[in-house]
Every structure is written in C-alpha cells, then in structure tokens.
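The chain contents come next:
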Amino acid sequence: MAKLLRINSKNKKIAYEELTGPYAGLGGRGLTSRVVRREVPPACHPLSAQNKLIVAPGLLTGTTAANTGRLSVGGKSPLTGTIKESNAGGTFSQKLAKMDIMGLILEDKPDPGSPFQTLFINKDGAELIEIPEITGLGTYDASARLFEKFGTKVGIMVIGPAGENTRLASSIQFTDPRGKPSRAAGRGGLGALMGSKKIKAIVIDSEGSKAPEMADREAFKAAAKRWAEILVNHPVTGQGLPSYGTSILINIINEAGTLPTKNFRSGRFDKASDISGEKMVEFINKRKGIAREGCHAGCIIQCSQSYNDENGEYLTSGFEYETVWAFGSNLLISDIDHIAMLDRLCDDLGLDTIETGTTLAMAMEAGILPWGDGLKAIELLKRVHDPKDYLGAIIGNGTSFTAEAFGVDRVPVVKKQSLPAYDPRAAKGVGVTYATTPMGGDHTAGYAICQNILKVGGDIDPLGKEGNIEISKNLQIATAAVDATGFCLFVAFAVLDTDDSLDTIAKLISSRFGKNFTAEDIAKTGIEILKDEYSFNRDAGFTAAHDQLPDFFINEELPPHNVKWDFTAEELQKAKIEI
Amino acid sequence: MRIQVSCFATLSRYAPTDGFLEIKEGATPIDVIDQLSIPREEVKIVFVNGQNSGKEIELQEDDRVGIFPAIGGG
C-alpha cells in the first residue's frame, strides 16, 4: 500500500500513513499541491512552523516506463508567497517510489539555534540524525561526505549554505546517477523552506525494498514499449536533445529575436554563437567530458552532460539553456567557462540559477558589477557562502530583493519570481504563462515556445495576440497533469506531435494501478491541480492585479521586432481555469 | 542578389563559409535549401529576418535566413 511519511522536525516524531481520502490516487504535483492546499494556512509566513515541505514522486515513477523518474517538491514559496511546485531529476524519486513512499511531509519547526539534522530513510524505517560536519558545507562536499557515510547507492536531497541561511533564491539539490548534486528543485526558494525546518539533507537507501507490482503487468509492458517508441521516433526527443542538450535553443531563440539580452533590453545577443549548444558540445568533446547523459535511470532523452574545465577536470553537469541564458546574454557574458563556473557555484551554494542570473543583472544595473564581467560575477557570487556577508545575503535573496536593496526599477519578475530565457514581448504565448501561472514567473508551467517558435504541437504567431491565451491555458492544464505522473516535461515535444500518445499514457496509468484511467482523465487531473493552486493563491491574497508583467515590457519596444507587451490584466484572466 | 544565411545544429555543415549566399531574383527559402544541398526533409524551421514566414516567401536583398532542424529544450 502506497504510504506517506510525515516527519515532525521539532519533536522528531516520524509516522507512516496510508495514502487515502483526499490524497488517494495522487502523485507528484497532484499530491504536493493538494497537501499544501489542505494543510498549509495560505496566509502563513513561508518560513514559519505552519508551512510544510512536501516531496513526491510521480504516479509512474519507479516503473520501467521511460523518463518517469522526476520528482515534485512543494510548499508555500518563500520567494513568491504563492503555492509552489518545483520539479527535479536525480535518483531520489525512483528510490522513494521503490519503497512505495508516495510522499514525504516535513512539518513544524525546531526552536531557534537548534542544530541541523539529516533524515535517513531505509527499509527498516526513518530517523533524524545530527551530522554536524556537513553543516555549512556546499552541496558537493556535503553529498560526498554522505556517500562516504551511507554508501554510494543512496539518493541524496540536500541544501547548501544558501538554504541553511534561508535565502529566498535557494534551491534544493539532488544527486544524479554519477553522484553529483547537480539536479535542482530550483525555483521558488524551497531550499529556504527546508532550511527553516533545520533539515540539511535527506538520504534514502532503497536497498532490500521490493518495488510495487504493476496491476496488469502485460498491459503495462506493452504500453511502456509503445511509449519508448514515441520518444525515440520524435526528432526532438530522439535526436535534437540527446545531441546538443537544451542549449540547442540559444541560436534559435536568438534568431527568433526573443533571447533576452542585457536584462531584457534586446532580443538578440551578438555573441550568441559563443554560448550555444553547438559550442558547448565542441568544448565537451575537446575536453573529454560527456556530451549526453540522463538525470535518472531509464531516461531516453539524455539532455544532460558532464562539462569539464580547460584542464579536463569535471566542473558541472545539468548545464542547461536557462542557466546559460541567465548568466550569458542576460549579463552580456560570452565566456562559456565563466558561465559554467557560475552554474557550479549555484549548485554548490544551493541557489536557483535563473533567479541568481537575474539577480546579478540587478547588481549590474546598480553598478556593483560591470556588464559582461564573468570573473567579477563569480567573485560576487562566492560571497553567498558566508552567512555574515551582507552583500552575499542580499544576492542570495534573489532578484526582487536585490533590486529593492539598490533602487533598481527594471525588475523582470512576476509575483517576485524572475522571468526566464524568453522575452515575453516576442514570445507572447509564454508571456501569458509568466503572467498567469500560479507559480510566479515560470516558463515550464505552459511552454508555448513549442507553438510560438519550435513549431511543435501547432504554429502560433509569437508577435501577435491571437491564439496565445488559449494555448497557454491548455498547456498549463497539460503540464500540471504531466507533473503528476513523474514524466520529464520534455516528453511533451513527442506527445504534442503523436496521435496515440495520450492514450498510451492513460494505458500506463491504468495498468499500473488497475483502474480505468482515460485520456480525458489526464486533462481532468491537470484542472484539479490548478484549482488547488489558484484557490490557495486567492486565499493567500493574490488577485488579478498580480497577473501582469512588469510595466517596462508594456512601455518599451523590444528590438529587433520592435514589439511591446499588449495584453491587459483582464484579457489575461482568460488563461486561468475557473475555481 | 546577396543574402545572409545561417544553418544550425545538425545542419551547420551546410552553411556557406562566409555566411552569405548569392541567389537569383525571386528565390525562396526552398531554393536556398536546395542550393546548399540540404536534404529538404531535415529542415523543420526557416526564419526570415527572425520570423517564421514559411519556406515559399520571396526573398529580398540582404535578408537574414536561419535554417534549423527539429529543435527543443527549455
């Protein structure tokens, strides 16, 4: 029977519960958002004892179906004050699923001054233990110590100094199949929520546990076979992503004139080719890194990589398009090694790379850093290590906070979360998502770049208004459902273009659980999740006025297409499902 | 007349060395694809001056053409 593990961080009580009642049949984002909606007071302070951190594998995680090893982490976001689901790869999710644990709920809050604890879970149970030597360490050193102590087969979820010090831009990092803590639940400052509970790490050892059986093994096997074919046969999931990683987007987004450059002043960067996926792969091959690898076992898409420095030593992995953009064209930095070092520092400090890139842009706007100076950016970011460094504390608190600290008025955030790597004026579908998703500024929640630029799943003019509200709404529903399954969101490229893909997903869920789940139920799942999320935000005080982009997007034209953001807040409400 | 042409990802090997191409009056992106010997089925997206104008639009002097295979990420 699938179970929930409830951990009280104050009195150290740990209890197993069955997944029943309002939580029955839920997984991933479906479960995290339902628990937040039901158990977290919407108006609470995100760092208070009333907030909870929920970790949940997806409905199909732990099965043999390809690309199902993703994980949802939820809570009330310390950064935005909204509900939050942040999605990550790594080995942790499949280990939870193997132990038939569908969710971890971290509750309450230890007294001030209490030491950090580590939660260890194995087949014999779970316990909170103190490992003082990892407190204050970066995630790379901390996870290396934890592998030494618990063996190399464990999965690790860990925060860095940023999370320990409850910085608002902090991430939660997960170890990948090579043991590198490079996979992040990056967005929304959930590392600060974990830090507020005084949990430095969660270590899971699933050895000796027997994975749950499929309700209909043969039907599942057949559906999983077809599912793998769908992914392998699509040119994006079968060829493009494995060959170049996600930074393959740099050149096309630049060509489309929507690559945000110098804090969203232009849609083109004259040095885009220096930071492109093509260039990254050239460097990786020259330095004997690894050009393609997965973030979890059973991944077919293989968009990750191991990036070595110029001496051939490992520097970083999970080095993604959004990160390359955030520290690259956004800051006018064109040295890919400097960008890779900034990525490594973020993973090690436990900081969201998107939020931190836009934060450094605020420092550049304020004159603290020169535009384009990668080495000085690295120096500044290292200051986040020291909890007593006030400038480091400001930078660790993200874009909105840093802009306020220095009087910057060009602040690319929605609900205090920074916008990612597509200028919304020239990719209006994703702009609608930025404005309206319950998550705050976020692209994954409704990735209309597919239809606006990539011509996957349709073709909608990125510069005009027509069709962009509708596509964002539909994608937000579909994405919520995908995030409940444990699928990597990149399966969407193939799903959008393949006729029998939704039926295949429905068959996987039906045969896994022995119930009749149809393609229509997928959309229903997405709608239910969004209802939980939008109603939480409403009760937390968010209104239609919060669903709009910063005014410089409305007032300034973006070259080269010279377009403005022209949706009204009222029009944007149509992208939200009714609650 | 002369246009600017870039080819990306798996198609980069077909790009003209200096980034420019002489084409006939009235030529379209399809003609450019053929002139560069790019297999048509490998081309998913063509941008002309940053817009997806289709493969049959008539090109003008100094146009900027970007040719891409199927691409995704995010």
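Residues numbered from 1 in each chain as written. Chains lettered and ligands numbered in written order. Predicted model: local features only at pLDDT ≥ 70, side-chain atom pairs only at ≥ 80, totals over all residues. Heavy atoms only, no water.

A. Structural view of the overall build of chain A. Along its length, chain A carries 23 helices and 17 strands. C-alpha extents for chain A along the principal axes are approximately 60 × 55 × 50 Å. Buried positions account for 66% of the 579 residues belonging to chain A. Considering only residue pairs separated by 6 or more positions, chain A has 70% of its internal contacts joining residues 24 or more positions apart. Split by element, the accessible area of chain A, about 19,300 Å² in all, is 49% carbon and sulfur. In chain A, 64 positive and 72 negative side-chain charges are present, and the distance between their average locations comes to 3 Å. (Helix = DSSP H or I, 4+ residues; strand = E, 2+ residues; numbered from the N terminus. Buried < 20%, exposed > 50% of the residue type's maximum accessible area, 1.4 Å probe, protein only. Contact = heavy atoms within 4.5 Å. Areas by Shrake-Rupley, 256 points an atom, 1.4 Å probe, with all protein chains shown as cover. Lys, Arg positive; Asp, Glu negative; His and termini not counted. Charge placed at Lys NZ, Arg CZ, Asp CG, Glu CD.)

B. Molecular detail of helix H9 (residues 277–286) of chain A. Listed as buried for H9(A) are Gly277(A), Glu278(A), Met280(A), Val281(A), Phe283(A) and Ile284(A). Of the surrounding elements, those touching the buried residues of H9(A) are helix H7 (235–244), helix H8 (249–255), strand S13 (290–293), strand S14 (304–308), helix H10 (321–327) and helix H11 (336–349) of chain A.

C. Seen up close, the nonpolar core. With 93 residues, the main nonpolar core has Ile252(A), Tyr422(A) and Leu454(A) as its most contacted residues. Top element by residues in this core is H11(A). It accounts for seven residues. For Ile252(A), the contacting residues outside a window of four places in its chain are Ile453(A), Leu454(A), Ile45(B), Phe47(B), Phe68(B) and Ile71(B). With 28 residues, the next largest nonpolar core counts Leu53(A), Val73(A), Met99(A) and Ile172(A) among its residues. (Core = buried A, V, L, I, M, F, W, Y, C linked by side-chain atoms within 4.5 Å.)

D. Here's a closer look at the interface of chain B and chain A. Listed per partner, the contact involves 18 residues of chain B and 29 residues of chain A. Overall, the association of chain B and chain A removes approximately 1,900 Å² of surface from exposure, summing both partners, and the carbon and sulfur fraction of that is 61%. Linking chain B with chain A are one salt bridge, by the criterion used here. Two residues, Glu255(A) and Arg64(B), come together in a salt bridge whose shortest N-O distance is 2.9 Å. Connecting chain B to chain A are six residue pairs in polar contact (both at pLDDT 80 or more). Of all the elements in the fold, those that place two or more residues in the side of chain B that touches chain A are strand S3 (45–48) and strand S4 (64–68) of chain B. Among the elements that line the side of chain B that touches chain A, the one with the most residues is S4(B), at three residues. Along the lines of polarity and charge, the residues of the side of chain B that touches chain A split into seven nonpolar, nine polar and two charged. (Buried area = accessible area lost by both parts, 1.4 Å probe. Salt bridge = Lys/Arg side-chain N within 4 Å of Asp/Glu carboxyl O. Polar contact = N/O pair within 3.5 Å; in protein donor to acceptor, adjacent residues only side chain to side chain. Nonpolar A, V, L, I, M, F, W, Y, C, P; charged D, E, K, R; others polar.)

E. Seen up close, empty space enclosed by the protein. Residues and elements named next belong to chain A. Scanning all chains against the criterion turns up one cavity of 30 Å³ or more. The calculated volume of the largest cavity comes to roughly 60 Å³. The wall of the largest cavity is formed by Thr61, Gly62, Thr63, Ala97, Lys98, Asp100, Met102, Ala211, Pro212, Met214 and Arg512. Residue classes in the lining of the largest cavity are distributed as five nonpolar, three polar and three charged. (1 Å grid on protein atoms, 1.4 Å probe; cavity = no way out; pocket = protein on both sides within 12 Å on 5 of 7 lines; lining within 4 Å. Points joined across faces, edges and corners; volume = space filled by probe spheres on them.)

F. Expanded view of the domain arrangement of chain A. All names here are of chain A. Split by domain assignment, chain A resolves into domain 1 (3–204) and domain 2 (242–423). Computed over C-alpha atoms only, the centres of domain 1 and domain 2 are separated by 25 Å. Across the contact, 39 residues belong to domain 1 and 40 residues belong to domain 2. Of the roughly 3,000 Å² buried between domain 1 and domain 2, counting both surfaces, carbon and sulfur atoms make up 49%. Among the residues domain 1 hides against domain 2, the three largest losses belong to Tyr140, Arg167 and Arg187. Together they make up 23% of the total. Linking domain 1 to domain 2 there are four salt bridges. Note that Glu293 and Arg178 form a salt bridge whose closest N and O atoms lie 2.6 Å from each other. Across the domain 1-domain 2 interface, the total number found is 25 residue pairs in polar contact (both at pLDDT 80 or more). The set of elements that each furnish at least two residues to the side of domain 1 that touches domain 2 consists of helix H3 (139–150) and helix H4 (161–164). Residues of the side of domain 1 that touches domain 2, tallied by class, amount to nine nonpolar, 21 polar and nine charged. (Domains from an automatic or database assignment.)

G. Molecular detail of the pairing of strand S2 (residues 14–18) of chain A. Taken together, the five bridges between strand S1 (residues 3–8) of chain A and S2(A) define a ladder with antiparallel strand orientation. Looking at the pairing, Leu4(A) lines up with Glu17(A) of S2(A). (Pairing = 2+ DSSP bridges.)

H. Region of the structure containing the pattern of salt bridges. All names here are of chain A. Taken as a whole, this structure holds 36 salt bridges over all chains when the rule is applied. Between Arg183 and Glu320 there is a salt bridge, with its nearest N and O atoms 3.4 Å apart. Here Arg183, found in strand S11 (residues 183–185), pairs with Glu320, found in the loop between strand S15 (314–317) and H10; they are 137 residues apart in sequence, far enough to count as distant. Residue Arg183 is classed as buried on the basis of its relative accessible area of 6%. Residue Arg410 pairs with Glu556 through a salt bridge whose shortest N-O separation is 2.9 Å. Here Glu556 lies in the loop between helix H22 (551–555) and helix H23 (569–572) and Arg410 lies in the loop between helix H15 (398–406) and strand S16 (413–414), a separation of 146 residues in the sequence. By relative accessible area, Glu556 is classed as partly exposed at 32%. Salt bridges sharing partners connect three or more residues here, namely Arg6, Glu17, Glu39, Lys52 and Glu107.

I. Summary view of H15(A). Residues and elements named next belong to chain A. Taken together, the buried positions of H15 are occupied by Gly398, Thr399, Ser400, Thr402 and Ala403. Packed against the buried residues of H15 are helix H12 (353–365), helix H14 (390–396), S16 and strand S17 (417–418). Backbone geometry just after H15 places Gly407 at a positive phi near 70 degrees.

J. Here's a closer look at the sheet that holds S3(B). All names here are of chain B. Read across the sheet, four strands follow the order S2-S1-S4-S3 without closing on themselves; strand pairing throughout is mixed. Looking at which strands have only one partner, the edges of the open sheet turn out to be strand S2 (20–22) and S3. When strand polarity is set aside, the average angle formed by the axes of neighbouring strands in this sheet is 30 degrees. Here strand S1 (residues 2–7) runs beside S4; their pairing, made up of four bridges, is parallel. Among the inter-strand pairings, Val5 is bridged to a residue of S4, identified as Val65. (Axes fitted to C-alpha atoms, helices over the stretch in contact; angles between N-to-C directions.)

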